[in-house]
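Given next are the chains, with one letter for each unit.
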Amino acid sequence: MSGMAGQKSSLTWAVNLSVVALVLLWTIPTFGLLVSSFRDADQLSVSGWWTSLTTTDRNIVARAAAPDSQVQDGDVWVIAGNIFEGEGSVSAFGVRAQDPTAFAPGETAEMSKGRTMTVEADGSYRITSPEEHSSRRGPRIFATSAEPPKFTTQNYNTVLYSEGIGRSFLNTFTVTIPATIIPILIAAFAAYALSWMEFPGRALLLAMVVGLVGCAFADVADPTSQAL
């Protein structure tokens, strides 16, 4: 008997495991939402929050510089530039939307009309043509960008300071906090008086309070009474 008394029953272990599972079911999505709120919007749209600490591959479509920026280099006309506005890294590129990873950085891709394109790992590109570029816009460049993890508070700035939501948020606090604290303070004083002070009609007031609380629980438990 003494040995059995020191052992937990299988039902106790089942209850404990169930509680842990429920806590995880609630905590993991909440933690994921918190992490997502600080992630860069572009990375958030292509990967889950669990990849927030790893490098993210993102397919991008860039437009080369306009033909009016071309220069003649020997027998060819050259358009050069960089597909990134800031820092970035290219892991692959292509000249067609159907195959954006056809070429590795530094390779030369053959295009129509004898044109060629080369994209380096840092995003710099060079497009050559045996004839002067005559189109109004530069050719499109399809690339896969390897981006390091990015965290920002811009998401919060967008939510709080667009369409007056931030002001509405403050108004909600202004109304909710006093509306919660003031009734609690008054109720605390009343509860102390009903519990410890002797005065005429005290028993009747206690009965009324208990009865009203019971009616409130009955309305919550019976949806049909609320509908009526």
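Relevant structure appears above.
Keep in mind the model is a prediction, meaning the values are calculated, not measured.

Digging into the sheet that holds strand S4 (residues 90-94)
Neighbouring strands of a sheet are bound in pairs by backbone hydrogen bonds; such pairs are parallel or else antiparallel.
Turning to step 1, where the next piece is worked out: Ordered by their spatial adjacency, three strands build an open sheet running S1-S8-S4, and the pairing between neighbours is antiparallel. Because the sheet does not close on itself, it has two edges, and the strands there are strand S1 (56-63) and S4. Across the sheet, the axes of successive neighbouring strands diverge by a mean angle of 25 degrees, strand direction being ignored.
Turning to step 2, where the next piece is worked out: Two strands pair when backbone bridges link them, and S4 and strand S8 (residues 140-147) are joined in this way by four bridges, in the antiparallel orientation. Bridge pairing in S8 places Val 90 opposite Ser 145.

Focus: the sheet that holds strand S2 (residues 71-73)
Turning to step 1, where the next piece is worked out: Strand order across the open sheet formed by five strands is S2-S3-S7-S6-S5, with antiparallel pairing between neighbours. Where the open sheet ends on each side, the last strands, each with one partner, are S2 and strand S5 (108-110). Within the sheet, the average angular offset between the axes of one strand and its neighbour, ignoring direction, is 30 degrees.
Turning to step 2, where the next piece is worked out: Relative to strand S7 (residues 124-129), strand S6 (residues 116-119) runs antiparallel, the two being bridged by four bridges. Within the sheet, the bridge partner assigned to Thr 116 lies in S7 and is Thr 128.

Topic: the nonpolar core
Turning to step 1, where the next piece is worked out: Counting 16 residues, the largest nonpolar core has Ile 83, Val 90, Phe 93, Met 117, Val 119, Tyr 125 and Ile 141 as its most contacted members.
Turning to step 2, where the next piece is worked out: Breaking this core down by element, the ones donating at least two residues are S1, S4, S6, S7 and S8.
Turning to step 3, where the next piece is worked out: Beyond its immediate chain neighbours, meaning those up to four positions away, Val 119 contacts Val 90, Phe 93, Pro 105, Gly 106, Glu 107, Ser 124, Tyr 125 and Ile 141.

Some thoughts on the pattern of salt bridges
Turning to step 1, where the next piece is worked out: The tally for this structure, following the rule as stated, stands at two salt bridges.
Turning to step 2, where the next piece is worked out: Here Arg 126 and Asp 73 are joined by a salt bridge, their closest N and O atoms 3.1 Å apart. Here the residue Arg 126 occupies a position in strand S7, and Asp 73 occupies one in strand S2, the gap between them amounting to 53 residues.
Turning to step 3, where the next piece is worked out: A residue is classified by how much of its surface remains accessible, and Arg 126, at 37% relative accessible area, is partly exposed.
Turning to step 4, where the next piece is worked out: For Asp 73, a relative accessible area of 44% gives the class partly exposed.

Cut-offs and rules
- Residues numbered from 1 in each chain as written.
- Predicted model: local features only at pLDDT ≥ 70, side-chain atom pairs only at ≥ 80, totals over all residues.
- Heavy atoms only, no water.
- Pairing = 2+ DSSP bridges.
- Helix = DSSP H or I, 4+ residues; strand = E, 2+ residues; numbered from the N terminus.
- Axes fitted to C-alpha atoms, helices over the stretch in contact; angles between N-to-C directions.
- Core = buried A, V, L, I, M, F, W, Y, C linked by side-chain atoms within 4.5 Å.
- Buried < 20%, exposed > 50% of the residue type's maximum accessible area, 1.4 Å probe, protein only.
- Contact = heavy atoms within 4.5 Å.
- Salt bridge = Lys/Arg side-chain N within 4 Å of Asp/Glu carboxyl O.

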